[in-house]
Amino acid sequence: MSSKTLRTVGELAEAGLVAPERLPALERVAAQYAVAITPGLAELIDAADPADPIARQFVPAEAELDLLPQESGDPIGDFTHSPVEGMVHRYPDRCLLKLNHACAVYCRFCFRREMVGPDGLRPLSPAQLDAAMAYVAARPDIWEVIVTGGDPLILSPRRLREAMERLSAIPHVKIVRFHTRVPAVAPEMVTDELVAALKAPGKTSYVALHANHARELTPAARAACAKIVDAGIPMLGQTVLLRGVNDDPETLTALMRAMVETRIKPYYLHHADLAPGTGHLRTSIADGQAILRAMRGAVSGLCQPTYILDIPGGAGKVPVGPDYLDEGTVEDPAGRVHSYPPKADA
């Protein structure tokens, strides 16, 4: 297996991850959407399994050329809520700060797939970063800054430390949350220096790890997460519900348990966004509700994420999990219906 990140479909073929006869079609996919698979991630892929859930997330597929009318290059309305470059301010008390638009790996279902990668948006210039920080400083309602991208943890510790120092100078910002895949896909990047750079006096830092299958939480990944948690930084888990990857109760349970065992609290289970060329990976909301209904009661509450739909166009996130309450009745995890409040005995 290659010792470097695979960035072209030709390199994927040389590594045995795609058949040579697929190259012409996959070259068209790669011309539109970035490709990157780290060495550790490549080792997880079972090339002999055409339904391998790791490959399905990262190896390009011909189906990405099939576009549906409802799909959009900005499916959750980032640009609609971007007052200055690199900033998304959709909710009153929190905002996104997108320092860069590159990642260690590129997911085939990414909702920002037309913004990230070598041909995507550029990293923030010093002037653009100044404008973003000034925007936050001028709005005392902003309690939390979510540093995302791209993947912020591919930046140098120096760059991360500088960003944290600037945020630490804004008194009303109390929480800084980093969204990343790095601990799972490139755990060697999680050094003591990088972890230290995520902290600043007077601020509470969180790291949200994106992982979609239990196999991603390798011993190396768990060790990288332990560095973060042992440094006093709580971790959250974010997952996208994906057809053929984690869309059954057993697979999703295994992932959620792996997260909790790694001291990561499952936070959101995202319904896959309407990004271009991702229809082959999306489930229905009813499928997601059925999976969570099967897990409720059978699986520890620590392992229960909130099932979330990001409404297209930028209207925001809403929970879309199963509903157990009806007018005057409630359904228990076994499917039995009870009166609520309980009726008084005759």
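Residues numbered from 1 in each chain as written. Predicted model: local features only at pLDDT ≥ 70, side-chain atom pairs only at ≥ 80, totals over all residues. Heavy atoms only, no water.

Novice: Explain unusual backbone geometry to me, please; I cannot follow it from the model alone.
Specialist: That bond from Gly149 to Gly150 is cis: its omega, 15°, falls within 30 degrees of zero. Topologically, Gly150 is positioned in the loop between β3 (144-148) and α6 (157-168). Unusually for a residue other than glycine, Arg263 sits at a positive phi of about 70°. One can find Arg263 in the loop between α10 (249-261) and β7 (264-271). With relative accessibility at 44%, the residue Arg263 sits in the partly exposed group. (Helix = DSSP H or I, 4+ residues; strand = E, 2+ residues; numbered from the N terminus. Buried < 20%, exposed > 50% of the residue type's maximum accessible area, 1.4 Å probe, protein only.)

Novice: Teacher, can you tell me more about the nonpolar core here?
Specialist: Note on soluble globular proteins: their nonpolar side chains tend to be buried together. If you look at the biggest cluster of nonpolar residues, it comprises 93 residues, and the most contacted ones within it are Leu12, Ile37, Val145 and Phe178. Here Leu12 is in contact with Leu6, Leu17, Val18, Val35, Ile37, Val59 and Pro60, once residues within four sequence places are set aside. (Core = buried A, V, L, I, M, F, W, Y, C linked by side-chain atoms within 4.5 Å. Contact = heavy atoms within 4.5 Å.)

Novice: In this structure, what is going on with the side chain of Gln57? I would like to understand it.
Specialist: Relative to the helices and strands, Gln57 is located in helix α4 (residues 53-58). At a separation of 2.9 Å, a polar atom in the side chain of Gln57 contacts the side chain of Glu216. If we ignore the near neighbours within four places in the chain, the residues touching Gln57 are Tyr106, Cys107, Arg108, Phe109, Arg181, Asn212, His213, Glu216, Leu242 and Val245. (Polar contact = N/O pair within 3.5 Å; in protein donor to acceptor, adjacent residues only side chain to side chain.)

Novice: Help me understand the sheet that holds strand β11 (residues 329-331) in this model?
Specialist: For sheets, the rule is that strands pair by backbone hydrogen bonds, running either parallel or antiparallel. Spatially, three strands are ordered β10-β11-β12 in an open sheet, and the strand pairing comes out antiparallel. The outermost strands of the open sheet, each flanked by one partner alone, are β10 (325-326) and β12 (337-339). (Pairing = 2+ DSSP bridges.)

Novice: Please clarify how the sheet that holds strand β9 (residues 316-319) should be interpreted in this entry.
Specialist: In space, the nine strands of this open sheet follow the order β1-β2-β3-β4-β5-β6-β7-β8-β9, with mixed pairing throughout. This sheet does not close on itself; its edge strands, each paired only once, are β1 (87-91) and β9. Recorded for the sheet is a direction-independent mean angle of 25° between the axes of neighbouring strands. Contacts between helix α5 (residues 126-137) and the sheet are confined to β1, β2 (94-98) and β3, with β1 contributing the most and set at about 25° to the helix. (Axes fitted to C-alpha atoms, helices over the stretch in contact; angles between N-to-C directions.)

Novice: What is the right way to read the pairing of strand β6 (residues 235-241) from this model?
Specialist: Along any regular strand, the residues point their side chains to alternate faces of the sheet. A large share of β6 lies buried, amounting to seven of its seven residues. Pairing of strand β5 (residues 204-210) with β6, which is carried by four bridges, proceeds in the parallel orientation. Paired with His210 across the strands is Gln238, a residue of β6. With respect to chirality, the unit in which β6 leads through α10 into the neighbouring parallel β7 is right-handed. (Right-handed = clockwise from strand over helix to strand, strands pointing away.)

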